[in-house]
Amino acid sequence: MGLAFCKKHGETGITPNISVEICEDQSKGSLGKIQDICIVNIKIFDGDEYLYTQENYISKAAFDEAGMNFEYIITCEEDEEKINVFFPETSGMCSACFKEYIISRNIKLHGC
Ligand SMILES: [Zn+2]
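Since the model is a prediction, treat every value here as computed from it, not as a measurement.

### A closer look at the coordination of the zinc ion
Six octahedral donors around a metal ideally sit at 90 or 180 degrees from one another, while four tetrahedral donors ideally sit at 109.5 degrees.
Reasoning step 1: Within the protein, the zinc ion binds to Cys6 (SG), His9 (ND1), Cys94 (SG) and Cys97 (SG); these donor distances fall in the range 2.0 to 2.3 Å.
Reasoning step 2: Coordination geometry of the zinc ion: the four donor atoms subtend angles of 106 to 114° at the metal centre, consistent with an arrangement described as tetrahedral.
Reasoning step 3: Each donor residue of the zinc ion lies on the same chain, and together they follow the pattern C-x2-H-x84-C-x2-C.
Reasoning step 4: With relative accessibility at 7%, the residue Cys94 sits in the buried group.

Below is the structure:
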């Protein structure tokens, strides 16, 4: 988790890998376009060695449209390129703002 400065929360932790669509929905306030968010886990391997899991937050609409899965495994550059073809652009958001956004909009989180 990185650190950033939030106008509302001051120095704060960042939740990375949130789709830009969600960030826009959050920053525009009252649109309420997104009701469901899917958590997509990307497991990163270096050959046989497991490195880490990257959690990505994607709107359910985008998830369904691309026919995405809840879990992907990346072991080489080719795997990454395949995912990048359909994966939405992501950005980071203040963790406290993200939490408030989910609670205040009563957004459902889906994952495996
Ligand atoms: Zn904040």
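### A word on helix 4 (residues 95–104)
Reasoning step 1: Here helix 4 has its buried residues at Ser95, Cys97, Phe98, Tyr101 and Ile102. Taken end-on, helix 4 shows its buried residues confined to a sector of 160°, consistent with a single buried face. In helix 4, the exposed residues that point more than 90 degrees away from the buried face are Lys99, Ile103 and Ser104.
Reasoning step 2: Phi for Asn106, located one or two positions after helix 4, is positive at around 55°.

### With respect to the nonpolar core
Reasoning step 1: Grouped together as the largest cluster of nonpolar side chains are 15 residues, with contacts concentrated most on Ile18, Ile22, Ile37, Tyr57, Met93, Phe98 and Tyr101.
Reasoning step 2: Looking at this core, the elements with two or more residues in it are helix 1 (20–27), strand 3 (36–46), strand 6 (90–94) and helix 4.
Reasoning step 3: Top element by residues in this core is helix 4. It accounts for four residues.
Reasoning step 4: With near-sequence residues (within four places) excluded, Ile37 lies in contact with Ile22, Tyr57, Ile58, Ser59, Lys60, Phe98, Tyr101, Ile107, Lys108, Leu109 and His110.
Reasoning step 5: With eleven residues, the next largest nonpolar core counts Val40, Met68, Ile74 and Ile83 among its residues.

Rules and cut-offs
Residues numbered from 1 in each chain as written. Predicted model: local features only at pLDDT ≥ 70, side-chain atom pairs only at ≥ 80, totals over all residues. Heavy atoms only, no water. Donors = N, O, S within 2.8 Å, 3.2 Å for Na, K, Ca; no water. Tetrahedral: all angles 85-135°; square planar, octahedral: opposite > 155°, others 65-115°. Buried < 20%, exposed > 50% of the residue type's maximum accessible area, 1.4 Å probe, protein only. Helix = DSSP H or I, 4+ residues; strand = E, 2+ residues; numbered from the N terminus. Arc of directions from axis to C-beta. Core = buried A, V, L, I, M, F, W, Y, C linked by side-chain atoms within 4.5 Å. Contact = heavy atoms within 4.5 Å.

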